[in-house]
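# Per-entry structural report
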Protein chains: 4
Amino acid sequence: MSKKLFQNATVVTSREVFEGAVLVEGERIALVAREGEPLPENDVQVIDLTGKMLLPGGIDAHTHFDLDVGAMRASDDFYTGSVAAACGGTTTVIDHIANGPAGCALTHMPDVYLNLAKPAVIDYGLHGVISRVDATVLEDMEKLVQRGISSVKIYLTYAQKVEDPAILPVLARAKELGMVVCVHCENDATVTALRSRFVAEGHLQARYHPRSRPAEAEAEAVFRMMMLAKLAGEAKLCIVHLSSGLGLAAARTAREAGQRNVYLETCPQYLFLDDSNYLDDKEGLKFILSPPLRTKQDIAQLWAGVRCGDFDTLATDHCPFFFATQKQRGASDFTQCPNGAPGVELRMPLLFSKAVQGVISLPAMVRLCCARPAEIFGLAHKKGDIAPGLDADFAVFDPAARWTATQSALHENVDYTPYEGMELQGTPVMTVSRGDIIVENGQFIAKKGRGQYLHRSLPLDV
Amino acid sequence: MSKKLFQNATVVTSREVFEGAVLVEGERIALVAREGEPLPENDVQVIDLTGKMLLPGGIDAHTHFDLDVGAMRASDDFYTGSVAAACGGTTTVIDHIANGPAGCALTHMPDVYLNLAKPAVIDYGLHGVISRVDATVLEDMEKLVQRGISSVKIYLTYAQKVEDPAILPVLARAKELGMVVCVHCENDATVTALRSRFVAEGHLQARYHPRSRPAEAEAEAVFRMMMLAKLAGEAKLCIVHLSSGLGLAAARTAREAGQRNVYLETCPQYLFLDDSNYLDDKEGLKFILSPPLRTKQDIAQLWAGVRCGDFDTLATDHCPFFFATQKQRGASDFTQCPNGAPGVELRMPLLFSKAVQGVISLPAMVRLCCARPAEIFGLAHKKGDIAPGLDADFAVFDPAARWTATQSALHENVDYTPYEGMELQGTPVMTVSRGDIIVENGQFIAKKGRGQYLHRSLPLDV
Amino acid sequence: MSKKLFQNATVVTSREVFEGAVLVEGERIALVAREGEPLPENDVQVIDLTGKMLLPGGIDAHTHFDLDVGAMRASDDFYTGSVAAACGGTTTVIDHIANGPAGCALTHMPDVYLNLAKPAVIDYGLHGVISRVDATVLEDMEKLVQRGISSVKIYLTYAQKVEDPAILPVLARAKELGMVVCVHCENDATVTALRSRFVAEGHLQARYHPRSRPAEAEAEAVFRMMMLAKLAGEAKLCIVHLSSGLGLAAARTAREAGQRNVYLETCPQYLFLDDSNYLDDKEGLKFILSPPLRTKQDIAQLWAGVRCGDFDTLATDHCPFFFATQKQRGASDFTQCPNGAPGVELRMPLLFSKAVQGVISLPAMVRLCCARPAEIFGLAHKKGDIAPGLDADFAVFDPAARWTATQSALHENVDYTPYEGMELQGTPVMTVSRGDIIVENGQFIAKKGRGQYLHRSLPLDV
Amino acid sequence: MSKKLFQNATVVTSREVFEGAVLVEGERIALVAREGEPLPENDVQVIDLTGKMLLPGGIDAHTHFDLDVGAMRASDDFYTGSVAAACGGTTTVIDHIANGPAGCALTHMPDVYLNLAKPAVIDYGLHGVISRVDATVLEDMEKLVQRGISSVKIYLTYAQKVEDPAILPVLARAKELGMVVCVHCENDATVTALRSRFVAEGHLQARYHPRSRPAEAEAEAVFRMMMLAKLAGEAKLCIVHLSSGLGLAAARTAREAGQRNVYLETCPQYLFLDDSNYLDDKEGLKFILSPPLRTKQDIAQLWAGVRCGDFDTLATDHCPFFFATQKQRGASDFTQCPNGAPGVELRMPLLFSKAVQGVISLPAMVRLCCARPAEIFGLAHKKGDIAPGLDADFAVFDPAARWTATQSALHENVDYTPYEGMELQGTPVMTVSRGDIIVENGQFIAKKGRGQYLHRSLPLDV
């Protein structure tokens, strides 16, 4: 079995930062040694990481690779998307899958995705999705668990929305099985009414997108889901892509009354981009995603939440569409614009930049981007940290390098990045997946299809 | 025009407590004089109130007199109910009316109630109620305003429940008209599911009533309504009978984000009675009301809210049923028990007792029980305070007297009081309605039918 | 006695907005008539206010006219300051007086100020100030009450700071007497240490001023004072010039636990101006005031508080110094710059502009700027609202006019305004003080010295 | 090297609960195996734990063994105290040491304690303590770190109190060195004034103890320390023995504004015992400890905090005095009563009982009682969890057994337990310290003095 020694690194785990080395045997971490501790000398390929920081490979628990949104597909498939992820230091994605044909079995689309995902270059898991609720669906939730899918998503808006009377049995069943219910939280009646109104009024520019999905609609849905989950015996809940200070305040209110088992996800777009991006009718299309970008005040409130530990996971909701073509469907009517934007490649660099600048600690970044998602989504036995026995998934950064984010330097299959022009500190210089160096100096150097499907366990009951 | 001088009183207004006198000419207050200021001497009937406190007559903005709940009617009609109210120092009620037959016009039941209410001995207004939403109903809301009904109630649970897509246009129309939307806040899916489950499990005792209507169901609905009202341009909203600390926390969260025009009502039962009352299967029936009584901790949280000004109105939701007969319908199944309990007579004494003991100030009591309800519900030009030009409606208390609340001493047409045995400080000794002394020393001494219908204005836009 | 009828106005009170007229007999309001109600026709001077809004004259409960800060005096004395106030629609000031010579009796400086204030053109009251605490001082607090000074200020920083062991007896004595304790809240140790450090480091530019007085220092002191006041039996407390979102959050935390009798004051500078003003080393001196301007996020948080009713009074802390001369003392060292800025003239216009734009309601503006300060500071029997018997103090605005704030149009005796260039809606067109029209079309037209000393009562115990 | 295999256990770590085995080689954990994974068969002493739960040994980060309080010493010395701790499943204590003689060097008392602690039977660390601040003390803080003392305590009340101007440099120095500052938070002026008043009034019974140390005094000090720590660059702070809902609310307010590096400790007495214990003048002496026991509402608020993750560590503040003798010093004057009560033996059983009943999860209990204290106090490399390389410190519980806490069954050297009569689920059946079984079936079976001094690292920068 091949051995590699990643030496002279600053190692960052979910709890610590220290100078040391990591020995990899085959696909797994065999040893983590601090400076001064004995290291193997023979039969070992040594990779010197002097001046570099070695973090666990990122886990992006919210991607939409190859997503079929009806009129079109997201532009990154599992190959291009996973290559981009890898180039940014992410070594695991958990994809939120499409709903599939009306009436299809709960296991239908996961099967479809196992095929779609084959070209992936990093490991991947899948979340299930429920868009109708009946006895069979509830029964079949167990089949998801059996296939390694320990979480299931519901939407409170869109065509696939699920309403309160149906949500309750889903939560009860998830509680019974130990699954996590992921939820897209927006009040459907509000969004539907506002979109109709804007269309009727001829208010079709991008700037009406955020107005049609106000923070109050998110906060309402967040609080509602938390209450319903609490009543279901504190069923495990993951509020995905929380975007607003008001939504965060609602979640805090419930938590402060003692509620457990609610995990909050936010995304880089909500921490780095504000709603002034919609003011340009043309450029604004790039930022049509849901929930929409919020105000500068929301950004400040979300960062305060990140700093004090309110968030459990930071994922991207990566769902890119070409600006020159696909996004132009919304050019004369924002409601026709495919929702979503890229992000999978820059997530780790964006957060790392904040961490090296001291906004959050490096271990806090690792918890948000790696360790906590692993715990919540049943991967803690394989992924998310630097420790013997875990998969040798690493993101190596040069903390001193400064650079400017720009689309041309990225690997996402899309013609823009929302983060264009942002100044960052710290470049990803190497990515390791199960012991393989798959990215080096910004070049993806491994094989298509080397990614493996992750049979996820139940979330840790913490 | 007859003149009465209420002299040597401690006068309590919404802002002040002072020694003084109030001169009444006919039905209105002509003069409020502080100690030492000149008083008329001739042609005046002098009522000496030495040692007594004169407050504005109470406004109970939430009664259900003569309510038809299908299988039976609430045991107090407008005569007995208004006599009881008067005996407790309340001189105005605003009744929440029944829904009426399916499909009836919005104005149908108000007309019915104008007839039902004729025997009332104190002045009364009506809230409208909406149980289905269509263009005609929305249009007809203006007719309510024209009839002096400037508020309308919706229920988020029960058969008459209204759902989000229908709530939005009601709020928008109310905003347009300047009306207040009163809301019974409980998450219907939760209550429905829990009741079904308890019935299926054979858990039919009174103690399952509170478990079937948990605080989370209230808090969810409170927060949802606040968000929807905010999105409707801060439509005026009155959350009726707020019962839980969690519901209050939800309301505070929205307010602290800057929301205006949300009025909170709580009731004596939620401030004085806790859920240990349900432990006795038999006695528990007396307390079957919705939302149910909560924990001691909720009581502490609600009092903190009362003290710091979170609440705008304190009403009773008075809806009595005879324990010996009507309430027994729930003896073997709590879901069959008519919901409601008496309270209209003791509201003012209960609060006065807390005020003289210093838990809240006397003006704060007046604001909660008289002045703020008048402002919110369009009666500030006639009722709610002690000032020249306002109706001469007074509640006179002896602050030194101590007594024990007991059903036999009350005038409510029902065979129990939830406050049985409670020690109180301060007895109501006289009630004055539009200049008439209608209660003296606990005796109602006026005529049936002397009450007048109150054509309410729009709420003050404060 | 002369009679004036202010006719065809939109009248704004603390509770209502209506079309109507106000009849003044001599110095007092004799009658408030709504449209259609009968008006006197004879012996009356009619002032037509068609298209105008008539509000109660403003009460600015925090000015520093003629303040001696040692090296210099504030540039507005009671004459120029009160003329400026009058021109902006303010008809009452309550001045926070200087400490006076070391060891002087508590009544010494009020006596000095009674003389200083004689040239005032509007009515004025005084707050007392305590800078040392001993038995005599505590005893003499009653003398202040006897002189109509029902509030007393303490500082938690500056040379005159008072520390916890001394604060407790002041609060206890104030509770006993019914006085309000006004407090300047900043943690002295923090401010002292940071100023020393910046001086030692040579960081002497204006931008170090806000860094030397961080929001945390304010929030600490706010929470401390609230706790101490609560322990003194909920002694009445007025937190002056609250400037930060964190300070507001601290106050809310205490209130939500049920604390009463804490009044919050903020100032226009904290609602309209942010700390980017310090970035220009030279211009920054104009904004050296304490507490300093805060971030845009703080502004948003304070406005949310204003909207939901957290604040009781909005005052200016008016304390101007000439930029060209006096403020230049800080040109090479911010710690030498006299602290303070003008504001007394623009307070009402700034708030009125927000009110006509719907950010807050007009009655809410009146409560903040007129009625609540009157209640809190013992003037409710004379000032603060539009009602028969109250002093005829009015601010008349043209709500349609738009203008740009600029120093040259103002009457403050100082060479700049912090609000230079701000676009406002609504111009003050007439000011009436005790029945006299003292300002008309921006011209002060009354006599020096016409202002009267206000013997203030105890605060209302609400 | 001896090997022991703890087999067939339910293993509880800070993140997981699973069936498995733990192999110990010498003093350390060599292997953690899940059910079905291969185990060594030879040269191994097998301990069968069928039906038992194996947790990390407890870390009690707040004891006062052998504390000299002037007139007397706490009744447990390092021998009896550590035996009691061991019998309850605690394998590490970190002792808060006495101040020592006036003017002594910062390192003086640690040296004294190294001697005092020699008889200990489990491993122990020491916190430093600062009671005066000067350049030498600040300089010497580094010597503490060098001796393995990475935390230092200050008191905001008592004779040894430290005031704001002195706190700031301590925090700054701690930030520089990476130390944690532990703080006893009570507002000294308040406590001092109330004690004096009660003594002067002759209110000397135990019930005046809690009244002399109100929750507001704690909350004030908590918020002040958090603000000062934030201003010191988010210096690491541990608020010890947080006892009140108001104190928790204050801490949350600061955290929600984004503050990091504040660790909250609470104690079993504040989670299990309320202030009704003071009503009996005689028995009340048993509960004279500071801060005092609080209300039932506080208990509910603290448990909500425990459930949602607000607390980082749960320690005991163990400081016993004999009721029959020592505590009687307070019989006629509570201010003379030595402050403190026992708890070190029951901490783990009390929490375990709640965990097996589902109030918190088992991993959450481990985080509170073992893992987080290890992280915060620099022991994570040796203690606090179940993982290869860590010390083999275990607490083994029988989760099915029910028992009643009673003094006669405990090993603490004191004649009462505050938890007398409490019904618990789960008995400690075995304690293992560095591989030695030191307690079995409630019998301490190891040698005096076997405990080792723990050279603590700096806290993890998480």
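Everything that follows concerns the structure shown earlier in this document.
In short, a report on the structure.

Cut-offs and rules
- Residues numbered from 1 in each chain as written.
- Chains lettered and ligands numbered in written order.
- Predicted model: local features only at pLDDT ≥ 70, side-chain atom pairs only at ≥ 80, totals over all residues.
- Heavy atoms only, no water.
- Axes fitted to C-alpha atoms, helices over the stretch in contact; angles between N-to-C directions.
- Helix = DSSP H or I, 4+ residues; strand = E, 2+ residues; numbered from the N terminus.
- Parallel < 35°, antiparallel > 145°, perpendicular 65-115°, else oblique.
- Left-handed = near helix turned anticlockwise from the far one by under 90°.
- Contact = heavy atoms within 4.5 Å.
- Nonpolar A, V, L, I, M, F, W, Y, C, P; charged D, E, K, R; others polar.
- Salt bridge = Lys/Arg side-chain N within 4 Å of Asp/Glu carboxyl O.
- Buried < 20%, exposed > 50% of the residue type's maximum accessible area, 1.4 Å probe, protein only.
- Pairing = 2+ DSSP bridges.
- Buried area = accessible area lost by both parts, 1.4 Å probe.
- Least-squares fit on C-alpha atoms with pLDDT ≥ 70 in both.
- Disulfide = S-S within 2.5 Å.

## Description of the packing of helix H7 (residues 215-231) of chain B against helix H8 (residues 245-256) of chain B
All names here are of chain B. Close contact between H7 and H8 brings their axes to 8 Å; oriented N to C, the two are set at 20°. Overall, the two elements H7 and H8 adopt an arrangement that is roughly parallel. The way H7 lies across H8 gives a crossing that is right-handed. Taking contact as the criterion, the partners of Ala215, Glu216, Glu218, Ala219, Val222, Phe223, Met226 and Met227 in H7 are, on H8, Leu246, Gly247, Ala250, Ala251, Thr253, Ala254 and Arg255. Class assignment of the residues belonging to the contact of H7 with H8 gives a composition of 10 nonpolar, 2 polar and 3 charged.

## So, the pattern of salt bridges
All names here are of chain A. Counting across every chain of the model gives 140 salt bridges over all chains. Of the charged contacts, one joins Glu27 and Arg434 as a salt bridge, the two residues approaching to 3.1 Å between their closest N and O atoms. Taken as a pair, Glu27 in the loop between strand E2 (17-25) and strand E3 (28-34) and Arg434 in the loop between strand E15 (423-433) and strand E16 (436-440) lie far apart in primary sequence, 407 residues in all. Classification of Glu27 by relative accessible area gives partly exposed; the value is 37%. In the salt-bridge network here, residues are joined through shared partners; they are Glu27, Arg28, Asp123, Lys382, Lys383, Asp391, Asp393 and Arg434.

## Things to note about the sheet that holds strand E8 (residues 123-129) of chain A
Residues and elements named next belong to chain A. Taken together, the 8 strands give an open sheet; going across it, the order is E6-E7-E8-E9-E10-E11-E12-E13, and neighbouring strands pair in parallel fashion. The open sheet has two edge strands, strand E6 (58-63) and strand E13 (313-314), and neither has a second partner. In the sheet, E6 pairs with strand E7 (residues 90-96) via 4 bridges, with the strands oriented parallel. The residue of E7 that forms the bridge with Thr63 is Asp95. Here helix H12 (residues 362-376) sits on the sheet and contacts E6, strand E10 (180-184), strand E12 (262-266) and E13; the angle it forms with E6, its principal contact strand, is near 65°.

## Quick look at the interface of chain A and chain D
Counting residues at the interface gives 26 residues for chain A and 26 residues for chain D. Taken over both partners, the interface formed by chain A and chain D buries close to 2,100 Å², and the fraction arising from carbon and sulfur atoms is 43%. For the interface between chain A and chain D, the tally reads 6 salt bridges. The salt bridge partner of Arg307(A) is Glu234(D), with a shortest N-O separation of 2.4 Å. Looking at the side of chain A that touches chain D, the elements that each hand over two or more residues are helix H8 (245-256), helix H10 (296-308) and H12 of chain A. Considering each element in turn, the side of chain A that touches chain D owes the most residues, 4 residues, to H12(A). A class-by-class count of the residues in the side of chain A that touches chain D yields 10 nonpolar, 5 polar and 11 charged.

## Some points on the relation of the copies chain A and chain D
Between the two chain copies there is a screw-like relation: a rotation about an axis and a shift along it. Overlaying chain A on chain D yields an RMSD of 0.0 Å, the required transformation being a rotation through 180° with an accompanying axial translation of 0.0 Å. A rotation of that kind, with that shift, is consistent with a two-fold axis. Both copies contact each other with a shared surface, as 100% of the interface residues of chain A are interface residues in chain D too.

## Comments concerning the state of the cysteines
All names here are of chain A. The final tally for this structure, using the stated rule, is 0 disulfides over all chains. Cys185 takes part in no disulfide bond, and the closest cysteine sulfur to it belongs to Cys238, at a distance of 9.6 Å. Cys185 sits in the buried class, given a relative accessible area of 2%. Left unpaired, Cys267 is separated from the closest cysteine sulfur, that of Cys238, by 9.8 Å. When its relative accessible area of 0% is taken as the criterion, Cys267 is described as buried.

What is shown is where atoms sit, not what they do.
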